[in-house]
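# Structure at a glance
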Amino acid sequence: MRMQALVRAIYPPQCLCCEALVEQDFALCGACWRDMPFVTGLACDTCGLPLPGVEDDGARIQCDDCLRTPRPWARGRAVAAYGGNARRMVLQLKHADRLDLARPLGDWMARAAAPILTPDMIIAPVPLHWFRLLRRRANQSALLGARIAQVTGLPHIPDLLLRARHTPSQEGRGRDARFRNLSGALRAHPRRIAQAQGRHVLLVDDVMTSGATLAAGAETLKAAGVAEVSVLVVARVSQGGP
Ligand SMILES: [Zn+2]
Ligand SMILES: [Zn+2]
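In what follows, the accompanying structure is described. All residue numbers refer to positions counted from 1 along the written sequence of the respective chain. Following the order in which they are written, the chains are lettered starting with A and the ligands numbered starting with 1. The model is predicted, so local features are restricted to residues of pLDDT at least 70 and side-chain atom pairs to those at 80 or more, both for listing and for counting; the totals for chains, interfaces and linings are taken over all residues. As a rule here, side-chain values cover all heavy atoms of the structure and leave hydrogens and water aside.

### Some points on the overall build of the chain
Helix and strand assignments come from DSSP, with helices taken as H or I runs of at least 4 residues and strands as E runs of at least 2, each series counted from the N terminus. Counting its regular elements, the chain contains ten helices and six strands. Relative accessibility under 20% of the residue-type maximum defines a buried residue, over 50% an exposed one, and the middle range a partly exposed one, all with a 1.4 Å probe and only protein chains included. Out of the 242 residues in the chain, the part that is buried amounts to 48%. Put simply, 71% of the contacts in the chain that link residues at least 6 apart link residues at least 24 apart. Each accessible area is a Shrake-Rupley result for a 1.4 Å probe, and residues are judged covered by the shown protein chains and nothing else. Counting only carbon and sulfur atoms, one obtains 53% of the accessible surface of the chain, whose full area is about 12,100 Å². Note on definitions: a residue-residue contact is assigned when non-hydrogen atoms from the two residues lie within 4.5 Å.

### Topic: unusual backbone geometry
Negative phi values dominate among residues other than glycine, just as trans dominates among peptide bonds. You will see that phenylalanine 26, though not glycine, has its phi angle at about 60°, which is positive. Take phenylalanine 26: it is sitting in the loop between α1 (3-10) and α2 (30-34).

### Things to note about the packing of aromatic side chains
When the centres of two rings from Phe, Tyr and Trp lie within 6.5 Å, Trp using its six-membered ring, the rings pair. Their planes under 30 degrees apart give stacked, over 60 give edge-to-face, and anything left gives tilted. The final tally for this structure, using the stated rule, is two aromatic pairs. Ring centres of tryptophan 33 and phenylalanine 38 lie 4.7 Å apart, and the angle between their planes is 45°; on these two criteria the pair is classed as tilted. According to the relative accessible area criterion, tryptophan 33 is partly exposed, its value standing at 45%. Here the aromatic rings of phenylalanine 38 and tryptophan 108 are separated by 5.0 Å at their centres, their planes lie at 90°, and the arrangement is edge-to-face. One end of the pair, phenylalanine 38, is in the loop between α2 and α3 (64-68); the other, tryptophan 108, is in helix α5 (residues 102-113), and 70 residues separate them in sequence.

### Topic: the coordination of the zinc ion (ligand 2)
Protein coordination at the zinc ion (ligand 2) comes from Cys44 (SG), Cys47 (SG), Cys63 (SG) and Cys66 (SG), with a distance range of 2.3 Å. Each metal site is built from N, O and S donor atoms within 2.8 Å (3.2 Å for Na, K and Ca), and since water is not included, such sites may look incomplete. Linear spacing of the donor residues for the zinc ion (ligand 2) on their chain is C-x2-C-x15-C-x2-C. Remark: cysteine 66 occurs in helix α3 and cysteine 44 occurs in the loop between α2 and α3; sequence separation between them is 22 residues. The exposure class of cysteine 44 is buried, given its relative accessible area of 0%. Judged by relative accessible area, cysteine 66 falls into the buried class, the value being 3%.

### Thoughts on the coordination of the zinc ion (ligand 1)
Within the first shell, the zinc ion (ligand 1) binds the protein through Cys15 (SG), Cys18 (SG), Cys29 (SG) and Cys32 (SG), at distances of 2.3 Å. Its four donor atoms give the zinc ion (ligand 1) angles of 103 to 113° at the centre, a pattern that matches the tetrahedral case. All donors to the zinc ion (ligand 1) come from one chain, and their sequence spacing reads C-x2-C-x10-C-x2-C. Of this pair, cysteine 18 sits in the loop between α1 and α2 while cysteine 29 sits in the loop between α1 and α2, and the two are eleven residues apart along the sequence. Accessibility expressed as a relative area gives 28% for cysteine 18, which makes it partly exposed. Geometry is assigned from the angles between donors: four donors with all angles from 85 to 135 degrees make a tetrahedral site, four or six donors whose opposite pairs exceed 155 degrees while the rest stay between 65 and 115 make square planar or octahedral sites respectively, and everything else is labelled irregular.

### Section: the side chain of serine 230
Its place among the elements puts serine 230 in strand β6 (residues 228-236). Within the structure, the side chain of serine 230 is placed 3.3 Å from the backbone nitrogen of arginine 75, a separation counted as a polar contact. In protein, a polar contact requires one atom able to donate a hydrogen and another able to accept it; more generally it is a pair of N or O atoms within 3.5 Å, and residues adjacent in sequence count only if both atoms are side-chain atoms. A distance of 2.9 Å separates the side chain of serine 230 from the side chain of histidine 200, its partner in a polar contact. Among residues more than four places away in sequence, those in contact with serine 230 are Trp73, Ala74, Arg75, Ile116, Met121, His200, Val201, Leu202 and Leu203.

On their own, these measurements won't tell you what the molecule is for.
Right, here's the structure in full:
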């Protein structure tokens, strides 16, 4: 028995979300697949939010959020709507010891981003503040960025953006408070930014809610000489409402 076959006999591949056995590694079982709200149809070209209806003439379409809050970036994609197993996987990657999820999630992100990738793109994650980095040990966005870079062959600069000061958590804040909370919170790495000047940066995060963090990142990068920014997330939270 070859080593790999032996390992597979002892540890047969399990579903990413449950105990069910699956055909191959890094896969979901049928039930968990059905509870994964992948974006498959019409979606906002700016943030990836799934939209009702069908694409007719390939015209650029935007969600109400992006029409109401103009984004300082060009295009955006999401793997899934925030809910079901998308939410579960994002939380496990962020808070639990499931760093292995960065690989399948990164693969799905690379696939979702395919229509908006450009040859000059550089991948950069949204940074964690150092003390949250210490507590949480890993920046989940940098793990995702590394995997996307591996799959796409694009360069990854994990510390292109840095936290300028500690910003209180965004959780539980209203939309305006989220945007206020983040102004001046990020800065470009003084020794890395030259590599990205005049180029297109793909800014990676796990979740987009209001878009305030991604907007702060895009504005910081463009002010530092980056030509254009697009965004890519695992899950897009639909905010709805007025
Ligand atoms: Zn499952
Ligand atoms: Zn949108």
